[in-house]
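# Report on the structure
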Amino acid sequence: MQRLYRLYELYNYNMKELGLNHLRELEAESMFIMREVAAQFQRPALLFSGGKDSIVMFHLAKKAFYPSKVPFPLLHIDTGHNFDETIEFRDDLIKKNGVELLVGSVQKTIDNGRATDETGYNASRNVIQTVTLLESIESNKIDAAIGGGRRDEEKARAKERFFSHRDEFGQWDPKNQRPELWNLFNGRKQMGEHFRVFPLSNWTELDVWLYIWQENIEIPSLYFTHKRKVFNRDGVYLYPASFMKLKPTEKIEELDVRCRTIGDITNTGLVLSEAHTVEDIVLEIAVTRTTERGNRFDDKRSETAMEDRKKEGYF
């Protein structure tokens, strides 16, 4: 424990004395990209999940366009299986900042017969939310969707450019992406096509948390350790919501856990933790040897789960 606290002191010093320039460079790069989006596209939108990355993106957008308001709406794809805390945080953020919120409803997509809910123990809406996302992009005439993907998260995302071209079907071709040299970004597209833009591409998970700490950014309580009922499925702790079907061998228990990444309840794995503050989280991330998506249950469906979904139009 003494060694961990010493490491914490070193990270604290590093952030304040050595890491400031590093974070400022990342901040400047991300704000530059957002301004490029505003300049090149007619109807951009910021994809907002209520997770830490989208919250940091919104914070960066506010700084990039200050003293004006953020010049594009936020788009949330609501699976209907969200944590209550996430929706409450989203609505509070919208109210405080007076920005436009667009909501795509997965339940509405299902009700309209354009997608079918999965059944069984591993049922999830993570796949069919792609349908809702593409519908929302088309109906709102969005030509650039700004997302919080980072290259350190997963091998499929490591292939991404800042400006990720999508064809008229919303699909991603990793072999047909445009070169990005000297911070020159090509946003040209044909009618019906659009771009996904990733301003946080060069950030790491630790960078994000250091920035949240440095900027004193408000985040949902789910990221902090709290007692919650969970069950273990294939080594991942999940929250037993009313729409979750438990196997006969799965038992509910109450543990001190937190979310490391937030998404649909059926996919959001919780981790055992003692992190009650942002400083605690920084320390925890600094010494962990597990990637944050290691507790995303949807990524365990196959070795190429993320890349397969991205090719179909996923975030």
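A few points on the structure. If you're wondering where the values come from, they're calculated on a predicted model, not measured in any experiment.

## Some words on the overall build of the protein chain
Regarding its fold elements, the protein chain presents nine helices and ten strands. For the protein chain, with 315 residues in total, the buried portion stands at 52%. Within the protein chain, contacts between residues separated by at least 24 positions form 74% of all contacts whose residues are at least 6 apart in sequence. Of the roughly 15,500 Å² of accessible surface on the protein chain, 49% is carried by carbon and sulfur atoms.

## Re helix α6 (residues 129-139)
Turn by turn, an α-helix covers 3.6 residues, leaving residues three or four places apart pointing in a common direction. Taken together, the buried positions of α6 are Gln129, Thr130, Thr132, Leu133, Ser136 and Ile137. Mapping the buried residues of α6 onto a view down its axis gives an arc of 160°, with all of them on the same face. Exposed side chains of α6 directed beyond 90 degrees from the buried face belong to Glu138 and Ser139. Those residues of α6 hidden inside the fold are in contact with β1 (44-47), β2 (74-78), β3 (101-105), α5 (106-111), β4 (144-146) and β6 (194-197).

## Regarding the environment of methionine 244
Position of methionine 244 relative to the elements: it lies in the loop between β8 (236-238) and β9 (253-259). Residues methionine 244 and asparagine 122 lie 122 residues apart in sequence; the distance between their C-alpha atoms is 8.4 Å. Not counting chain neighbours up to four residues away, the residues in contact with methionine 244 comprise Phe231, Leu238, Tyr239 and Thr266.

## Side note on the environment of leucine 26
Residue placement: leucine 26 occurs in helix α2 (residues 20-40). In sequence terms leucine 26 and valine 208 are 182 residues apart; their C-alpha atoms lie 9.9 Å from each other. With residues near it in sequence (within four places) discarded, leucine 26 still touches Asn202, Trp203 and Asp207.

## Section: the packing of helix α3 (residues 52-65) against helix α7 (residues 205-215)
Relative to each other, α3 and α7 sit at 55°, their axes nearing to 11 Å. By the criterion of interaxial angle, the relationship of α3 to α7 is oblique. Judged by the twist between their axes, the crossing of α3 over α7 is left-handed. From α3, Lys52, Asp53, Val56, His59, Leu60 and Lys63 reach across to α7, where they touch Glu205, Val208, Trp209, Tyr211, Ile212 and Glu215. For the contact of α3 with α7, a count of residues per class yields six nonpolar, one polar and five charged.

## Considerations on the packing of aromatic side chains
Across all of its chains, the model carries ten aromatic pairs by this definition. Between the aromatic rings of tryptophan 203 and tyrosine 211, the centroid separation amounts to 5.2 Å while the plane-to-plane angle is 90°, which identifies the pairing as edge-to-face. A relative accessible area of 1% places tryptophan 203 in the buried class. Assessed through its relative accessible area of 0%, tyrosine 211 is described here as buried. An aromatic cluster of three or more residues is present, and its members are Phe32, Phe41, Phe162, Phe163, Phe185 and Phe195. It is arginine 228 that lies over the ring of tyrosine 239; its NZ or CZ is 4.9 Å from the centre. The side chain of lysine 245 reaches across the aromatic face of tyrosine 121, ending 4.9 Å from its centre.

## Overview of the sheet that holds β2
Ordered in space as β3-β2-β1-β4-β6-β5, the six strands form an open sheet in which the pairing is mixed. Each edge of the open sheet carries a strand with a single partner, namely β3 and β5 (163-166). Pairs of neighbouring strands in the sheet enclose a mean axial angle of 30°, with direction left out of account. By the bridge criterion, four bridges tie β5 to β6 in an arrangement that is antiparallel. Its bridge partner lying in β6, phenylalanine 163 is registered against valine 197. α3 rests against β1, β2 and β4 of the sheet, and its axis sits at about 140° to β1.

Conventions we followed
Residues numbered from 1 in each chain as written. Predicted model: local features only at pLDDT ≥ 70, side-chain atom pairs only at ≥ 80, totals over all residues. Heavy atoms only, no water. Helix = DSSP H or I, 4+ residues; strand = E, 2+ residues; numbered from the N terminus. Buried < 20%, exposed > 50% of the residue type's maximum accessible area, 1.4 Å probe, protein only. Contact = heavy atoms within 4.5 Å. Areas by Shrake-Rupley, 256 points an atom, 1.4 Å probe, with all protein chains shown as cover. Arc of directions from axis to C-beta. Axes fitted to C-alpha atoms, helices over the stretch in contact; angles between N-to-C directions. Parallel < 35°, antiparallel > 145°, perpendicular 65-115°, else oblique. Left-handed = near helix turned anticlockwise from the far one by under 90°. Nonpolar A, V, L, I, M, F, W, Y, C, P; charged D, E, K, R; others polar. Phe/Tyr/Trp six-rings, centres within 6.5 Å; stacked < 30°, edge-to-face > 60°. Lys NZ or Arg CZ within 6 Å of the ring centre and 35° of its normal. Pairing = 2+ DSSP bridges.

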